[in-house]
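A structural walkthrough
Take a look at the letters that make up each chain.
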Amino acid sequence: MTDLQIRNLRPDEIALAVDWAAAEGWNPGLADAACFAVPDAQGFFVGEIDGEPVATVSCVNYDHRFAFLGFYIVRERFRGAGHGLRIWNEAIAHADGRVIGLDGVVAQQDNYKRSGFQLAYANIRYGGVAAAPPRPPAEVVPLDKVPFAIVEADDATVFPAPRSGFLRAWIDASGHIGHALLRDGRLAAWGVIRPCRTGYKIGPLVADDRAAAETVMQALLVSTRGGDIFLDVPGVNREAIALAESFGLMPVFETARMYTGPIPPLRIDRVFGVTSFELG
């Protein structure tokens, strides 16, 4: 078999990885590809044989300390030939010693451990049809009315690295709708909902407590026209699980959040919805 050639995906080619993810049942958002290109345009890789794409992976460097790995896919008829390991090693090399995070398939945990990853906790995708309230709660405001610096500072409590460019792109992307809850003039909760190949996903959803998260989630649901809603929650956040269940959502998928080393202390108790399994 002709040797595998690995190269960077151009920003306009990242849609290939997103389409493959959709074929694997990961249900990406409709505007994900453009947002994912923002933090590290050199962090997406494709392996080709005679010009035919056979494998993808991403390893996005957020800063000099932290990277996140995703889109690790080998097309089925090319599996078992070592192509996955080769492109995986390319992604790990791109991280250049940074601590790497990933949301991996639970069944592959042992393989990831052999590459130096250790389990932090499970992330659980909840899905189902959630009834939208007739009108948004009065105390909720559009997210773009909150100074970005305040949102950015709040995001720093729940994510291991600065991600200003990505966060701006995520909030402003076509079809993405964000809302925030203010209490006594300070940000108590905020979140974004986006259209996906199937239904909508809410993420991130960050809140001081379940009541604040519920208020923002209600406002986000007003923007939907029915259909399936998905919310990815850390399995260690019992209040987030209770929130998902209170909206009638059920577990449909689970990942293993893993890291290759220590990360800054994070307020996982404030994470009621993970931004994405592909970029963290």
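Quick notes on the rules
Residues numbered from 1 in each chain as written. Predicted model: local features only at pLDDT ≥ 70, side-chain atom pairs only at ≥ 80, totals over all residues. Heavy atoms only, no water. Helix = DSSP H or I, 4+ residues; strand = E, 2+ residues; numbered from the N terminus. Buried < 20%, exposed > 50% of the residue type's maximum accessible area, 1.4 Å probe, protein only. Contact = heavy atoms within 4.5 Å. Areas by Shrake-Rupley, 256 points an atom, 1.4 Å probe, with all protein chains shown as cover. Lys, Arg positive; Asp, Glu negative; His and termini not counted. Charge placed at Lys NZ, Arg CZ, Asp CG, Glu CD. Arc of directions from axis to C-beta.

Thoughts on the overall build of the chain
On a plain count of helices and strands, the chain comes out with eight helices and 13 strands. Taken across its 280 residues, the chain has 54% of its residues classed as buried. Once local pairs closer than 6 in sequence are excluded, the contacts in the chain between residues at least 24 apart make up 74%. Approximately 12000 Å² of the chain is accessible, and the part contributed by carbon and sulfur atoms is 52%. Charge centroids of the chain, computed over 26 positive and 33 negative side chains, lie 1 Å from each other.

With respect to helix α5 (residues 148-155)
One full turn of an α-helix is made of 3.6 residues, so residues set three or four places apart face in the same direction. Among all positions of α5, only Phe-148, Val-151, Asp-154 and Asp-155 are buried. End-on view of α5: buried residues confined to an arc of 125°, all on one side of the axis. Contacts made by the buried residues of α5 are with α6 (164-172), β9 (186-195) and β10 (200-207).

Points about unusual backbone geometry
For residues that are not glycine, phi is negative in most cases, and the peptide bond is trans in most cases. The omega torsion across Gly-203 and Pro-204 is 0°, close enough to zero to call that bond cis. Examined against the element boundaries, Pro-204 turns out to sit in strand β10. Of note, Asp-50 is a non-glycine position whose phi angle comes to about 50°, a positive value. With respect to the element layout, Asp-50 can be found in the loop between β2 (44-49) and β3 (52-61).

In short, geometric facts, not functional conclusions.
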